[in-house]
Amino acid sequence: MTPLDPIHIYEVSPRDGLQNEATIVSTDDKVQLISRLVAAGVQDIEVTSFVKPSWIPQLADAAEVVERLPKAPGVNYWGLVPNRVGLERAIDTGLQCVATFMSASETHNQKNVNRTWRESLKNLRTVIGDAKDGGLTVRAYISTVFGCPYEGEVSVARSTMLARELREAGADTIVLSDTIGTGNPRMVHRIVSAAVEAGVPLDSLALHMHDTRGTAVANVIAGLQAGVRAFDGAIAGVGGCPYAPGAAGNAATEDLVHVLEAMGHATGVDLGIASEAGAFLSNALGRDLPGRMHRVHMSQVAADEQTCSA
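Peer 1: Any chance you could explain helix α4 (residues 84–93) here in plain terms?
Peer 2: For the α-helix, the turn length of 3.6 residues means that residues three or four positions removed from each other point alike. For α4, the full list of buried residues reads Gly86, Leu87 and Ala90. With its buried residues spanning 100° around the axis, α4 presents them on a single face. Those residues of α4 that are exposed and angled more than 90 degrees off the buried face are Val85 and Asp92. As for α4, its buried residues are in contact with β4 (97–103) and α6 (117–133). Where α4 begins, one side-chain oxygen reaches toward the backbone nitrogen of Val85, 3.2 Å away; that side chain belongs to Asn83.

Peer 1: Any chance you could explain the environment of Val192 here in plain terms?
Peer 2: Residue placement: Val192 occurs in helix α8 (residues 185–197). Look past the residues within four positions of Val192 in its chain and what remains in contact with it is Leu202, Leu205, Leu207, Ala226 and Val228.

Peer 1: Sorry if this is basic, but what is going on with the nonpolar core here?
Peer 2: The tendency in soluble globular proteins is for nonpolar side chains to be buried as a group. Ranked by size, the top nonpolar core spans 94 residues in total, and within it Tyr77, Ile142, Leu166, Ile174 and Leu176 carry the most contacts. Setting aside anything within four residues of it in sequence, one finds Tyr77 in contact with Ile34, Val38, Ile45, Val47, Leu69, Pro70, Ala72, Leu95 and Cys97.

Peer 1: When you look at the environment of Met263 in this model, what are you seeing that I'm missing?
Peer 2: Examined against the element boundaries, Met263 turns out to sit in the loop between α10 (253–262) and α11 (271–285). Judged by relative accessible area, which is 35%, Met263 ranks as partly exposed. Sequence spacing of Met263 and Ile221 is 42 residues, and the spatial spacing of their C-alpha atoms is 9.9 Å. Setting aside chain neighbours within four positions, we find Met263 in contact with Leu4, Ile221 and Leu224.

Peer 1: What's the story with helix α5 (residues 106–113) in this structure? I'm lost.
Peer 2: Of all the residues in α5, the buried ones are His108, Asn109, Asn112 and Val113. Seen end-on, α5 carries its buried residues on one side only, within an arc spanning 100°. Where α5 is buried, its residues meet β4, α6 and β5 (137–143). Backbone geometry just downstream of α5 places Asn114 in the positive-phi region, at approximately 60°.

Peer 1: What should I look at first to understand the pattern of salt bridges in this one?
Peer 2: In a structure, side chains of opposite charge can pair up when their charged atoms sit close to one another. This structure, assessed with the given rule, holds twelve salt bridges. Between Asp172 and Lys132 there is a salt bridge, with the nearest N and O atoms lying 2.9 Å from each other. Highlighted residues: Asp172 in the loop between α7 (156–169) and β6 (173–178) and Lys132 in helix α6, separated in sequence by 40 residues. Take Asp172: its relative accessible area is 28%, and that puts it in the partly exposed class.

Peer 1: What's the story with unusual backbone geometry in this structure? I'm lost.
Peer 2: Note on backbone geometry: most residues besides glycine have negative phi, and most peptide bonds are trans. Non-glycine residue Thr144 carries a positive phi angle of around 55°. Within the secondary structure, Thr144 is located in the loop between β5 and α7. Of note in this structure, Ala236 is not a glycine but carries a positive phi near 65°. As for its position among the elements, Ala236 is in the loop between β8 (230–233) and α10.

Definitions and limits used
- Residues numbered from 1 in each chain as written.
- Predicted model: local features only at pLDDT ≥ 70, side-chain atom pairs only at ≥ 80, totals over all residues.
- Heavy atoms only, no water.
- Buried < 20%, exposed > 50% of the residue type's maximum accessible area, 1.4 Å probe, protein only.
- Helix = DSSP H or I, 4+ residues; strand = E, 2+ residues; numbered from the N terminus.
- Arc of directions from axis to C-beta.
- Contact = heavy atoms within 4.5 Å.
- Polar contact = N/O pair within 3.5 Å; in protein donor to acceptor, adjacent residues only side chain to side chain.
- Core = buried A, V, L, I, M, F, W, Y, C linked by side-chain atoms within 4.5 Å.
- Salt bridge = Lys/Arg side-chain N within 4 Å of Asp/Glu carboxyl O.

Here's what the structure looks like:
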């Protein structure tokens, strides 16, 4: 049997997963979570954001988190940067990988970064260019591609134009994001195809899906069928956006690992260890999290322990 393409999972739980949480997670627990993700075999982890601490207090300890990251050859640690100041802060910590962000919808972009999308695009051309000149690797998120909480449907033409422009500015990866979880498999096929037709190489695309309506895994599979091989995930399905009312968490990493491996695609991520990381994060936040496989795994572990002690 011909082996299927491996799938790359990019982990966002320490940043996107925590940014909308009211419970402030300690720096110790953040570092512990990241260490568990590394142990599970995750090779790309978005560990924090270099936005103003007053914007997102949960991530005010960005520099300390980076300073305490486990030494792990082959693992890339990423920081989200909103502008040139954020980029400089990330560089000062020694990070070699950064992610930028903007929205395809005007209103969400204004709510998120207080700029028009045209102003954001102009700013990011400079930020991405400076990052690449410094030898950094860059991901560029485009939010609200599949729908906006304020405007509803978003122009596919604008989303794909932004993808092309950000790629031409030097971004290594363009991340098409379903920020509020309104996407469906047909939309995924249509938008991925449109991005490729606009000149964005298929192997430079990634998808970031939220599970507000329970479609995140289905949309990832649609992306897989469309030729995408890189997907964002968040342990235990944690996540949300402060500027996207009603948005639920991200596609759960362990759920993606389960279904993709069952389909025959290698992910390089150990499902058991990833599930234990999900249980750890659930305990740190003091509440149940929406991902499924970490709960299945921990139930099985408890059942096995009970059998052994009988």
